[in-house]
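# Structural description and commentary
The chain contents come next:
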Amino acid sequence: MPKEEKITTEKAIDRYADMVYRLALSQMKNTTDADDLFQEVFVRLVSHIQELESWEHVKAWLIRVTVNCAKKHFGQYWNKNVDFLEEPERLADTGGAYELPEEHPVRAAVRELPPKYRSVIHLYYFEELTVAEIARLTGQKEATVKSQMHRAREMLKGLLNEEHSL
Amino acid sequence: MEQGRMEQYNRETSQIHAPEELIRKTKEAVREEEQRIARAELPQKTAGKRSCRSGVYRWALPAAAAVLVILIGTSGLFFGRGKDRTLSESAADTAANETAAENDMELQLGAPPEAAAADAGTPIERDGSHDTAEEAAAKEKMPAAAAEADSLREADVVQEDAADSVQTAGGRATENSQAKNDFAEEKNMEETDGLLRCLKKFAEMAYRLLAETVR
């Protein structure tokens, strides 16, 4: 029987950094908030890493905490009522020497959706989770997730048609 | 149509990668957090305490505190009740003894023993006779001394009688209070046994609960 690889936070970062970053970007309206969310999730993982028994658990935990942290972020008064007019620029001399991910039309339309629809769409289509898994991770009923999916698709259709018609 | 859009979304999203800089910063933050947690856990480990992560430490401490509070409260209630009753009973007994003794003395003597002693003559009055002539004093000395001795004896007898009567009255009152005390003690013992049995059962139950939790 092969020896189990020891689960550490640094290994979790190497393994799931892209997944968490994509989910954070799909949830947040700008990359600064996505970066903050990314860091917060992994720093939280430090105090819970010993409770997680397998990499599957770690993945599920990361998805759940990312979605919950995003919800908490949008629940705050400031974030609910104040919106950035533009994406804050990243400057090479401030140490943030990486570029903005290129914005594509479908992804831009997804980011226009309300946060709860964004996470459902991302988890279903990109992470390829089932409705039951999404319901378990987000703490909702399966019927709720299904109806959210339906509404999100309708809204996306509308947004993309609008974009094409423009 | 929709499928095509979602495939496009997947393609777009898969092009996104977490920036290296962000990963490096996050790893640094994680290392700092690990060090902070290690520093916070160090005093607990050196003190030989159980780790909070097991979930036992968090649970056991309030439970133990609650058991302790209940035990102290119960024992305090028990001892407080016993003490109050003993004090009130002893105060009542003392008052009864004193009243009985006074009544007996008044019945037997009719007058206090100090008055009888004063009637028989006092050493001060006897000293006043030294002012007369020596001969007269010598003559008067013998009968005066005899009379004085008699009066002193009588006073002694009266005092002894009074003391006897006080003792008898006191004895009767003591017997009564003795019976009362015995009854109260028996009752007290029964209550104590009951309480101790309850406490023992409670302590056993708490101990079993804690042992199961620790296991």
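The coordinates are above.
An account of the accompanying structure is given in this report. Nothing here was measured: the structure is a model prediction, and the numbers come from that model. (Residues numbered from 1 in each chain as written. Chains lettered and ligands numbered in written order. Predicted model: local features only at pLDDT ≥ 70, side-chain atom pairs only at ≥ 80, totals over all residues. Heavy atoms only, no water.)

## Section: the overall build of chain A
In terms of regular secondary structure, chain A is built from eight helices and zero strands. Along chain A, helices and strands appear, N-terminal first, in the series α-α-α-α-α-α-α-α. Across the 166 residues of chain A, 44% fall into the buried class. Sequence separation of at least 24 residues holds for 70% of the intrachain contacts in chain A that already meet a minimum separation of 6. (Helix = DSSP H or I, 4+ residues; strand = E, 2+ residues; numbered from the N terminus. Buried < 20%, exposed > 50% of the residue type's maximum accessible area, 1.4 Å probe, protein only. Contact = heavy atoms within 4.5 Å.)

## Structural notes on the overall build of chain B
A count of helices and strands for chain B gives six helices and zero strands. Tracing chain B from N to C terminus, the helices and strands come up as α-α-α-α-α-α. Taken over 215 residues, chain B has a buried fraction of 17%. Residue pairs in contact within chain B that sit at least 24 positions apart in sequence constitute 83% of those at least 6 positions apart. Total accessible area computed for chain B in this model is approximately 15,900 Å², and 59% of it derives from carbon and sulfur atoms. (Areas by Shrake-Rupley, 256 points an atom, 1.4 Å probe, with all protein chains shown as cover.)

## Things to note about the interface of chain A and chain B
The interface is formed by 36 residues belonging to chain A together with 27 residues belonging to chain B. Of the roughly 3,200 Å² buried between chain A and chain B on both sides combined, carbon and sulfur atoms contribute 66%. The three residues of chain A that bury the most area against chain B are E10, V106 and Y125 of chain A, which together make up 17% of that side's buried surface. At the boundary of chain A and chain B, one finds two salt bridges. With its nearest N and O atoms 2.6 Å apart, the salt bridge here joins K27 of chain B to D14 of chain A. Applying the counting rule to chain A against chain B returns seven residue pairs in polar contact (both at pLDDT 80 or more). Elements represented by at least two residues in the side of chain A that touches chain B include exactly α1 (9–27), α2 (31–46), α5 (105–112), α6 (115–126) and α8 (142–165) of chain A. The greatest single-element share of the side of chain A that touches chain B, amounting to 10 residues, is contributed by α1 of chain A. Considered class by class, the residues forming the side of chain A that touches chain B number 18 nonpolar, 10 polar and eight charged. (Buried area = accessible area lost by both parts, 1.4 Å probe. Salt bridge = Lys/Arg side-chain N within 4 Å of Asp/Glu carboxyl O. Polar contact = N/O pair within 3.5 Å; in protein donor to acceptor, adjacent residues only side chain to side chain. Nonpolar A, V, L, I, M, F, W, Y, C, P; charged D, E, K, R; others polar.)

## Notes on the packing of aromatic side chains
All names here are of chain A. Under the definition given, this model contains four aromatic pairs over all chains. Ring geometry for Y21 against F38: centres 6.0 Å apart, planes inclined by 85°, an arrangement best described as edge-to-face. You can see Y21 sitting in helix α1 and its partner F38 sitting in helix α2, a full 17 residues away along the chain. Here the aromatic residues Y21, F38 and F42 are joined through ring pairs into a cluster of three or more. (Phe/Tyr/Trp six-rings, centres within 6.5 Å; stacked < 30°, edge-to-face > 60°.)

## Observations regarding the pattern of salt bridges
Counting across every chain of the model gives eight salt bridges over all chains. Between R31 of chain B and E10 of chain A there is a salt bridge, with its nearest N and O atoms 2.8 Å apart. Of this pair, R31 of chain B sits in helix α2 (residues 20–46) while E10 of chain A sits in helix α1, which puts the two residues in different chains. On the accessibility criterion, R31 of chain B (38% relative accessible area) is partly exposed. For E10 of chain A, a relative accessible area of 24% puts it in the partly exposed group. Here the salt bridges share partners, and the residues they tie into one network are E40, R44 and K72 of chain A.

## A few points about α6 of chain A
Residue and element names in this part refer to chain A. The end-to-end C-alpha distance of α6, which contains 12 residues, comes to 16 Å, matching closely the 16 Å that a straight helix rising 1.5 Å per residue would cover. With nine of 12 residues buried, α6 is to be regarded as a mostly interior element. Of the residues making up α6, those classed as buried are Y117, R118, S119, V120, I121, H122, L123, Y125 and F126. Positive backbone phi, approximately 55°, marks E128, located one or two places after α6. (Expected span 1.5 Å × (residues − 1).)

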